[in-house]
Amino acid sequence: MQAPHESQRSGATWIALALLVGLALRVFEAWESSLWLDELHTLFHASRPSVDDVLQSVRNDFHVPGFYVFCHFFGDFSTGAWLRWIPIVFTLLVAWPLVALARESRGGERCAIAVAWFYALMPYQVHYGAELRPYAWLELATAAAAWAAFSERGSKKLRGAVFFASVVLGMFTHVIMALAVLAIGAARLFVRGRERLGLPVLIGIGAAAVAPVLPWFLWFHSFATQKREEFVAAAGEHGVRPQLLREVRDLPIRLVEPYMGSLKGPWATLAVVGFGAFVLVVLALVWSAWRARRERLASGESSTDPLFVAVVIFALVQFAAITVLSIKSWDRVPLQYYIGMSWALPFVLAAWLASVRAERVRRALGVALVTTMLAMSVALAGGESREPYREAVAKAREWGTSLAAAFPEHPPVYTSVLAQPSGVFDHKLPYLAYGADLGAVEPEDVPSATHGDFQRPVIVIRRALALEHPKWAPITTGRKLVREERLHDRVWVYVFAPSNP
């Protein structure tokens, strides 16, 4: 039997290896996938000339400014996807509170090793850990706040400081942090302990951290609910109720593998097979953990792990609150909003695995879970991008080069028409990220029939917005569609030419 310090040293090696594999997967995801629209919006905010301009830009988009101001100091559209190093670094930091909670749980070092591997490999974590959005920050804030509230180890002053700093970080990252604080408080109503920070202390610290942002949060919730229909109308995306029903139905699957159905080709097959195997392994794990619990009860041992109970209550309360508020405010359930409780899933799986007494069974289940998660994450990173604007700009460049060679007197005009909040963002964002040299213009700046450049063909990247929408009028008036290619369910590339050349 290993001495405790030897076991922890061996555990640290396995944890470090898990994080290296997780880092490789996130880098693979960041390298392979194109920036999608929300990430282009991040670059749009970050590229404003000053911090004041960033703050105003973010306010127009109804977001909290912390992450975007941070990105502003490190890059802009010229940096592009390389800025994904920011979420990648911060998502790996989430392992610190997760491992600390696991070591303090009944599973000890065994649980800590398992949670590091499951967190590193779970496809949902890989995807949002490499996305240029504030969600890695939000997850770090919620996990660290939960550790500070649920832990019984170390200095109470340190835990109080971590809780305060985590809530402040979270509130200046995303308004969903307020729901995480609520969920932590709900969990502490059921899980007490003399060495934990007292619930009144947590309430006081949380109130002090949330108070400066609370008025803005209440305004945001009211304004977002009011304006949602206006945004839907501006984007031409009506009839979202069936989408809402599908999103609610698919939530349990997508919190593990977020885009299994859209990866295309062999990657989609690998994801489906991996997920099917994952479900079977989880069922076997639940059965094994249930048997282990019965054995503990039969031998007179306590079957309750307070940390496990706290994490489960926290996750369930936050899940329910996010779902209800998302439906009420947006008429949909954005998958990324669940990032603040998503780390609970690797924790629960690791706790169940650590509870299995038979070493051979425990190892087999652990290897099977790691294998299936790795397969799903590789499929996610290798499969089709969420919205392939890199490929769309490359296609536009290819067609434009051919047209310029064939008709040098009428070089093409490049533009985009994107379904997005009206009046907030430019439409030429894909070109700013992947083809700034092409000199793309906004749709309203495309030459009209009275302009001398009207004979120039127009190459357009489209995101979802129907061709009947008024934003298309400067492009389609007096022109006909002569070429098109669908690159994705929501992304097309078109060429328009004068109807009467």
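The text that follows walks through the structure, step by step, so that each part is easy to find. Keep in mind that what you see is a predicted model, and the values were worked out from it rather than measured.

Reading the values: rules and limits
- Residues numbered from 1 in each chain as written.
- Predicted model: local features only at pLDDT ≥ 70, side-chain atom pairs only at ≥ 80, totals over all residues.
- Heavy atoms only, no water.
- Salt bridge = Lys/Arg side-chain N within 4 Å of Asp/Glu carboxyl O.
- Buried < 20%, exposed > 50% of the residue type's maximum accessible area, 1.4 Å probe, protein only.
- Helix = DSSP H or I, 4+ residues; strand = E, 2+ residues; numbered from the N terminus.
- Pairing = 2+ DSSP bridges.
- Axes fitted to C-alpha atoms, helices over the stretch in contact; angles between N-to-C directions.
- Parallel < 35°, antiparallel > 145°, perpendicular 65-115°, else oblique.
- Left-handed = near helix turned anticlockwise from the far one by under 90°.
- Contact = heavy atoms within 4.5 Å.
- Polar contact = N/O pair within 3.5 Å; in protein donor to acceptor, adjacent residues only side chain to side chain.
- Phe/Tyr/Trp six-rings, centres within 6.5 Å; stacked < 30°, edge-to-face > 60°.
- Patch = residues over 30% accessible without salt bridge, like charges linked within 9 Å, V, L, I, M, F, W, Y side chains within 5 Å.
- Areas by Shrake-Rupley, 256 points an atom, 1.4 Å probe, with all protein chains shown as cover.

**Description of the pattern of salt bridges**
Okay, so step 1: In the structure shown here, the tally under the stated rule is 15 salt bridges.
Okay, so step 2: With a closest N to O distance of 2.8 Å, Asp 250 and Arg 249 form a salt bridge.
Okay, so step 3: Taking the relative accessible area as the measure of exposure, Arg 249 reaches 56% and is therefore exposed.
Okay, so step 4: Here Glu 387 ties to Arg 490 by a salt bridge, and the two come within 3.6 Å at their closest N and O atoms. Remark: Arg 490 occurs in the loop between β3 (479-486) and β4 (491-498) and Glu 387 occurs in the loop between α19 (359-382) and α20 (389-406); sequence separation between them is 103 residues.
Okay, so step 5: The exposure class of Glu 387 is buried, given its relative accessible area of 3%.
Okay, so step 6: Using a relative accessible area of 28% as the deciding quantity, one classes Arg 490 as partly exposed.
Okay, so step 7: Via salt bridges that share partners, Glu 387, Arg 463 and Arg 490 belong to a single interconnected network.

**Quick look at the pairing of β3**
Okay, so step 1: Relative to β4, β3 runs antiparallel, the two being bridged by 7 bridges. When the bridges of β4 are listed, Arg 483 appears paired with Val 495.
Okay, so step 2: Taking the residues between adjacent antiparallel strands as the criterion, β3 and β4 are bridged by 4 residues.

**Description of the environment of Phe 67**
Okay, so step 1: With respect to the helices, strands and loops of the structure, Phe 67 is situated in helix α4 (residues 66-72).
Okay, so step 2: In this structure, the C-alpha to C-alpha distance between Phe 67 and Ile 86, residues 19 residues apart in sequence, is 9.5 Å.

**Quick word on the packing of helix α9 (residues 135-150) against helix α10 (residues 156-171)**
Okay, so step 1: Axis separation between α9 and α10 bottoms out at 8 Å; the angle between their running directions is 155°. In terms of their interaxial angle, α9 and α10 are classed as roughly antiparallel. You can see that α9 and α10 cross each other, and the crossing is left-handed. Residue-level inspection shows Trp 137, Ala 141, Ala 144, Ala 145, Trp 147, Ala 148 and Ala 149 of α9 in contact with α10, the latter providing Arg 159, Val 162, Phe 163, Ser 166, Leu 169 and Gly 170.

**Considerations on the sheet that holds strand β1 (residues 413-418)**
Okay, so step 1: Across the sheet, 4 strands lie side by side as β1-β2-β4-β3; this open sheet has mixed pairing. Of all the strands in the sheet, the pair left with one neighbour each is β1 and β3. Here the average twist between neighbouring strands, direction ignored, is 25°.
Okay, so step 2: Strands β1, β2 (458-463), β3 and β4 of the sheet are contacted by α20, whose axis makes an angle of about 25° with β4.

**What to know about the environment of Arg 153**
Okay, so step 1: Its location among the elements puts Arg 153 in the loop between α9 and α10.
Okay, so step 2: Among the residues examined, Arg 153 registers a relative accessible area of 49% and is labelled partly exposed.
Okay, so step 3: Placed 42 residues apart in sequence, Arg 153 and Glu 195 show a C-alpha to C-alpha distance of 7.4 Å.
Okay, so step 4: Ignoring anything within four residues of it in the chain, the contact list for Arg 153 reads Arg 103, Glu 104 and Arg 159.

**Focus on the side chain of Thr 142**
Okay, so step 1: Along the polypeptide, Thr 142 turns up in helix α9.
Okay, so step 2: A polar atom in the side chain of Thr 142 sits 3.4 Å from the side chain of Trp 343.
Okay, so step 3: Apart from the residues lying within four places of it in its own chain, the contact partners of Thr 142 are Met 177, Ala 180, Phe 314, Gly 340 and Trp 343.

**Section: the packing of aromatic side chains**
Centre-to-centre distance and the angle between the planes together describe a pair of aromatic rings.
Okay, so step 1: Under the counting rule described, the total for this entry stands at 19 aromatic pairs.
Okay, so step 2: The interplanar angle of 90° and the centroid separation of 5.4 Å between the aromatic rings of Phe 67 and Trp 137 together place this pair among those described as edge-to-face. With Phe 67 in helix α4 and Trp 137 in helix α9, this residue pair connects regions lying 70 residues apart in the sequence.
Okay, so step 3: With 6.0 Å between their ring centres and 85° between their planes, Phe 70 and Phe 90 make a pair best called edge-to-face. Residue Phe 70 is located in helix α4, and its partner Phe 90 is located in helix α5 (residues 85-93); the two are separated by 20 residues in the primary sequence.

**Considering a nonpolar patch on the surface**
Okay, so step 1: There is a patch of nonpolar side chains on the surface, built from Trp 14, Leu 17, Leu 20, Leu 23 and Val 27 and spanning about 450 Å² of accessible area.
Okay, so step 2: On the accessibility criterion, Leu 23 (31% relative accessible area) is partly exposed.

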